[in-house]
Amino acid sequence: QVQVVESGGGLVQAGGSLRLSCVASGTIFSINGMSWFRQAPGKQRELVAGISSGGSTNYADSVKGRFTISRANAKNTVYLQMNSLKPEDTAVYFCNAMIVRTAYWGQGTQVTVSS
């Protein structure tokens, strides 16, 4: 059984920074891709950033240059450093871990950016 837990969300003023963390635990031999998604009220869940087991990254256009995804494979952990935050970044942020062919999701962490 695998659990995925996010942390690090909160309230921040526009222009500020937050760092999200996500840990996968349980019976895990290896994790393929790890990603961050977000969902704002009334909107569909969207991909924010992803990172492969080899370290290749991809980002949504809206966060390029402001957000950085990284991972610590030995800790089954992925991070999302968010800088220059904007009110439109307000959303629940979800972590996704691909293990074999199964996607595991966390419960989400709220990020609120005030103007």
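Before any of the text, the structure's been laid out above.
Note that this is a predicted model, so its numbers are computed, not measured.

### A word on the overall build of the protein chain
- Scanning the protein chain from terminus to terminus reveals zero helices and 11 strands.
- When the elements of the protein chain are put in sequence order from the N terminus, they spell out β-β-β-β-β-β-β-β-β-β-β.
- In summary, the protein chain has a C-alpha radius of gyration of 13 Å against a globular reference of 13 Å for 115 residues, a match within 12%.
- For the protein chain, the C-alpha atoms occupy an extent of roughly 45 × 25 × 20 Å along the three principal directions.
- For the protein chain, the proportion of its 115 residues judged to be buried stands at 40%.
- Sequence-distant contacts, at least 24 apart, represent 52% of the contacts inside the protein chain between residues at least 6 apart.
- Working note: accessible area of the protein chain is about 6,200 Å², and carbon and sulfur atoms make up 48% of it.
- In the protein chain, the 10 positive side-chain charges and the 5 negative ones have mean positions that sit 8 Å from each other.

### A short note on the sheet that holds strand S7 (residues 67-72)
- With respect to topology, four strands assemble into an open sheet ordered S1-S3-S8-S7, the strand pairing being antiparallel. With partners counted over all chains shown, the strands left at the sheet margins are strand S1 (2-7) and S7, one partner each. Neighbouring strand axes in the sheet, compared pairwise and without regard to direction, differ in orientation by 15° on average.
- Sheet topology note: the S1/strand S3 (residues 18-26) ladder contains six bridges and is antiparallel. In the sheet register, Glu6 faces S3, and the bridge partner there is Cys22.

### Some details on the packing of aromatic side chains
- Counted according to the given criterion, the structure contains one aromatic pair.
- For the cation-ring pair, Arg45 lies above Phe94, with the distance from its terminal atom to the ring centre recorded as 3.7 Å.

### Description of the side chain of Asp89
- Summarising the element assignment, Asp89 is placed in the loop between strand S8 (77-82) and strand S9 (91-99).
- When its relative accessible area of 0% is taken as the criterion, Asp89 is described as buried.

### Focus: the nonpolar core
- Residues Trp36, Val48, Phe67, Val78, Leu80, Met82 and Tyr93 are the most contacted members of the largest nonpolar core, which totals 30 residues.
- At the level of secondary structure, the elements contributing two or more residues to this core comprise S1, S3, strand S4 (34-39), strand S5 (46-51), S7, S8, S9 and strand S11 (109-114).
- The element contributing the most residues to this core is S9, with five residues.
- Beyond its immediate chain neighbours, meaning those up to four positions away, Tyr93 contacts Glu6, Leu20, Trp36, Phe37, Arg38, Val48, Phe67, Leu80, Met82, Gly108, Thr109 and Val111.

### Some remarks on the pairing of S11
- Burial along S11 is one-sided: Thr109, Val111 and Val113 are buried, while Gln110, Thr112 and Ser114, pointing the other way, are not.
- Note that strand S2 (residues 10-13) and S11 share four bridges and pair parallel. Across the sheet, Val12 pairs through a bridge with Val113, a residue of S11.
- Here S9 pairs with S11 via three bridges, running antiparallel. Note on S11: the bridge partner recorded for Tyr93 is Thr109.

Cut-offs applied
Residues numbered from 1 in each chain as written. Predicted model: local features only at pLDDT ≥ 70, side-chain atom pairs only at ≥ 80, totals over all residues. Heavy atoms only, no water. Helix = DSSP H or I, 4+ residues; strand = E, 2+ residues; numbered from the N terminus. Rg over C-alpha atoms; globule rule 2.2 N^0.38 Å. Buried < 20%, exposed > 50% of the residue type's maximum accessible area, 1.4 Å probe, protein only. Contact = heavy atoms within 4.5 Å. Areas by Shrake-Rupley, 256 points an atom, 1.4 Å probe, with all protein chains shown as cover. Lys, Arg positive; Asp, Glu negative; His and termini not counted. Charge placed at Lys NZ, Arg CZ, Asp CG, Glu CD. Pairing = 2+ DSSP bridges. Axes fitted to C-alpha atoms, helices over the stretch in contact; angles between N-to-C directions. Phe/Tyr/Trp six-rings, centres within 6.5 Å; stacked < 30°, edge-to-face > 60°. Lys NZ or Arg CZ within 6 Å of the ring centre and 35° of its normal. Core = buried A, V, L, I, M, F, W, Y, C linked by side-chain atoms within 4.5 Å.

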